[in-house]
Structure formats: C-alpha cells, structure tokens
Amino acid sequence: MSAYKDNVTVTLLYEDDTTRNYTFENVADANIISIKSAISDINKNENAKYAAFYSTFISNEGASVTRIDAAKIVSIEEEVIYSE
C-alpha cells in the first residue's frame, strides 16, 4: 500500500540578512498548484495586503521579513513493505 504526501518548505529572508525555513507538511494537492502565485503575491505586497505577514515573522534579532527567498516542494511516496 502506497502513501503520498507533499511538504512545502519556504525560506524567509529578513532585513538583517538572516534566513529561516518553515516547513508545512501534508499540503493538499489543490494548494500545491497555487504556491508559486501566492509567493509572488506576498513578495509584491501590493497595497500592503500582506503587511501582517511582514510584521509577524521576525528574526531572532527582531528584524522584519523582507521576502520569501526560496520555496521547495518535496513529494514523498511511502510503500509499506512489511506489516504485522
């Protein structure tokens, strides 16, 4: 029996040039399709639509996030080969 899941890791870049990774596990297939456009929208931040995002995520030194620097989608297929 196979099990599939998609994990998404985003790398945030902060004003103090530090980065931090956040991983979201078991992302629904329907959401995977829209990740690239969502990241683009967040990075553009037109009309300060994502102002809360920028002020919520801060570095260890208190610097605000400047953008999503990278994103990675990892698709995992697990096969059970032995089970009691």
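Here the structure is a predicted model, which means the values were calculated and not measured.

Caption draft 1: Just the overall build of the protein chain, in detail. When you go through the protein chain residue by residue, the secondary structure sums to 3 helices and 3 strands. For the protein chain, the N- to C-terminal ordering of α and β elements is β-β-α-α-α-β. Computed over the C-alpha atoms, the radius of gyration of the protein chain is 16 Å, more than 25% above the 12 Å expected from 2.2 N^0.38 for a compact globule of 84 residues. Its C-alpha atoms give the protein chain principal-axis dimensions of about 50 × 25 × 15 Å. Burial statistics for the protein chain: of 84 residues in total, 24% are counted as buried.

Caption draft 2: Local environment of the confidence of the model for the protein chain. When pLDDT is averaged along the protein chain, the result is 94, and 100% of the positions lie at 70 or above. Within the protein chain, strand E2 (residues 19-24) carries the highest mean pLDDT (97), whereas helix H1 (residues 29-32) carries the lowest (91).

Caption draft 3: View of the layout of surface pockets. Taken as a whole, the largest pocket holds about 220 Å³ of empty space. Lining the largest pocket we find 15 residues, and of these Val8, Val10, Phe24, Ile42 and Ile68 sit closest to its centre. When residues of the lining of the largest pocket are traced back to their parent elements, those giving at least two are strand E1 (2-14), E2 and helix H2 (35-44). Here the lining of the largest pocket takes 4 residues from H2, the largest share from any one element. Grouping the constituent residues of the lining of the largest pocket by class yields 13 nonpolar, 2 polar and no charged.

Caption draft 4: Examining the side chain of Asn7 more closely. Within the fold, Asn7 resides in strand E1. A relative accessible area of 11% means that Asn7 is categorised as buried. A polar contact is formed between the side chain of Asn7 and the backbone nitrogen of Asn26, at a distance of 3.1 Å.

Caption draft 5: Representation of the pairing of E1 in the model. Judged from the 13 bridges that link them, E1 and strand E3 (residues 65-79) form a sheet pairing that is antiparallel. Looking across to E3, one finds that Tyr4 is bridged to Glu77. Judged from the 6 bridges that link them, E1 and E2 form a sheet pairing that is antiparallel. Each bridged residue has a counterpart across the sheet, and for Val8 the counterpart in E2 is Phe24. What sits between the antiparallel neighbours E1 and E2 is a turn of 4 residues, in which Asp17 has the positive phi angle 65°.

Reading the values: the criteria
- Residues numbered from 1 in each chain as written.
- Predicted model: local features only at pLDDT ≥ 70, side-chain atom pairs only at ≥ 80, totals over all residues.
- Heavy atoms only, no water.
- Helix = DSSP H or I, 4+ residues; strand = E, 2+ residues; numbered from the N terminus.
- Rg over C-alpha atoms; globule rule 2.2 N^0.38 Å.
- Buried < 20%, exposed > 50% of the residue type's maximum accessible area, 1.4 Å probe, protein only.
- pLDDT = per-residue confidence, 0-100.
- 1 Å grid on protein atoms, 1.4 Å probe; cavity = no way out; pocket = protein on both sides within 12 Å on 5 of 7 lines; lining within 4 Å.
- Points joined across faces, edges and corners; volume = space filled by probe spheres on them.
- Nonpolar A, V, L, I, M, F, W, Y, C, P; charged D, E, K, R; others polar.
- Polar contact = N/O pair within 3.5 Å; in protein donor to acceptor, adjacent residues only side chain to side chain.
- Pairing = 2+ DSSP bridges.

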